[in-house]
Amino acid sequence: MKQSSKIALGGIVAALSVVFMLLTIIPSMTFVLPAVSGVLLMVVVIEVNKRWAFMVYVAVGLIAMFTVPDRMAAVMYVLFFGYYPILKALLESKLPRVVEWIVKFIVFNASILAAYALLTFVFGIPFIEMDFLTERGVPVWGIIVIVLAAGNLVFWIYDLALSRLVEAYLNRWRKNFKRIFK
């Protein structure tokens, strides 16, 4: 791929990612649109390389932190959804399957806990609404365990969906992409 095509691809992916991140003003899209923005990076990983995709991630992350009104969405992009597709490609090419999944789950849980701490203690935004459950006697640590367990299940599904999207891209959409970006 020519240098100009790499720049164009990076710019298009960054612009689309920022647009998706700005659309997080729609309340139910706080986690969906950062995930979609991260998925776009898979094209850069496949067509250019991981380092180039990382530069796009950094650009989108910086723009998101300063412009996206939904702080939770911006933090989730920066602390997980933005870099995860790049990390996924790296882990799947270097590690045995079992070790790969262990590392993926460790990274996910560390990222979610870091996001929780940042949102709660720095930005003063509750990561999850606990009042409903704490009023019924559920301890805070129990709520966190429940949310993490549910989050791990959703993460597993997200990882599988990313793999299927990569397969679909390679088998169906890549030939069209190659016609546009030479």
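First, a word on scope: everything that follows refers to the structure included in this document. (Residues numbered from 1 in each chain as written. Predicted model: local features only at pLDDT ≥ 70, side-chain atom pairs only at ≥ 80, totals over all residues. Heavy atoms only, no water.)

Looking now at the overall build of the protein. A tally of regular secondary structure across the protein gives 8 helices and 0 strands. Listed by position from the N terminus, the elements making up the protein come as α-α-α-α-α-α-α-α. The principal-axis extents of the C-alpha atoms in the protein amount to approximately 60 × 40 × 25 Å. Here the protein holds 182 residues, and the buried ones make up 41% of them. Carbon and sulfur atoms form 73% of the exposed surface of the protein, whose accessible area is close to 10,100 Å². Charged side chains of the protein number 17 positive and 9 negative; the gap between the two group centres comes to 18 Å. (Helix = DSSP H or I, 4+ residues; strand = E, 2+ residues; numbered from the N terminus. Buried < 20%, exposed > 50% of the residue type's maximum accessible area, 1.4 Å probe, protein only. Areas by Shrake-Rupley, 256 points an atom, 1.4 Å probe, with all protein chains shown as cover. Lys, Arg positive; Asp, Glu negative; His and termini not counted. Charge placed at Lys NZ, Arg CZ, Asp CG, Glu CD.)

Right, let's talk about helix α2 (residues 32-47) for a bit. With 16 residues, α2 should cover 22 Å at 1.5 Å per step; its first-to-last C-alpha distance of 24 Å lies within 8% of that length. Looking at α2, one finds that the buried residues are Leu33, Pro34, Ala35, Ser37, Gly38, Leu41, Met42, Val43, Val44, Val45 and Glu47. The elements touched by buried residues of α2 are α1 (3-22), α3 (50-67), α4 (71-81), α5 (84-94) and α8 (140-180). (Expected span 1.5 Å × (residues − 1). Contact = heavy atoms within 4.5 Å.)

When you line up the elements, Ser163 lands in helix α8. Exposure remark for Ser163: the relative accessible area of 17% places this residue in the buried category. Apart from the residues lying within four places of it in its own chain, the contact partners of Ser163 are Lys88 and Glu92.

Moving on: the packing of aromatic side chains. The relative placement of two aromatic rings is captured by the distance of their centres and the angle of their planes. This model, assessed by the stated rule, comprises 16 aromatic pairs. Judged by centre distance (5.6 Å) and plane angle (50°), the rings of Phe54 and Tyr57 are tilted. One end of the pair, Phe54, and the other, Tyr57, are both in helix α3, 3 residues apart, so they sit about a helical turn from each other. Both rings, one in Phe80 and one in Phe81, keep their centres 5.2 Å apart while their planes meet at 70°; by these two values the pair is edge-to-face. Chaining the aromatic ring pairs together yields one cluster made of Phe54, Tyr57, Tyr77, Phe80, Phe81, Tyr83, Tyr84, Trp101, Phe105, Phe108, Phe155 and Tyr158. One Lys or Arg, Lys104, reaches over the ring of Trp101 and ends 4.4 Å from the middle of that ring. (Phe/Tyr/Trp six-rings, centres within 6.5 Å; stacked < 30°, edge-to-face > 60°. Lys NZ or Arg CZ within 6 Å of the ring centre and 35° of its normal.)

Of all hydrophobic cores here, the largest spans 25 residues; its most connected members are Leu9, Leu41, Val44 and Val56. At 6 residues, α3 tops the list of elements feeding residues into this core. Of all hydrophobic cores here, the second largest spans 20 residues; its members include Met76, Phe81, Leu148 and Phe155. (Core = buried A, V, L, I, M, F, W, Y, C linked by side-chain atoms within 4.5 Å.)

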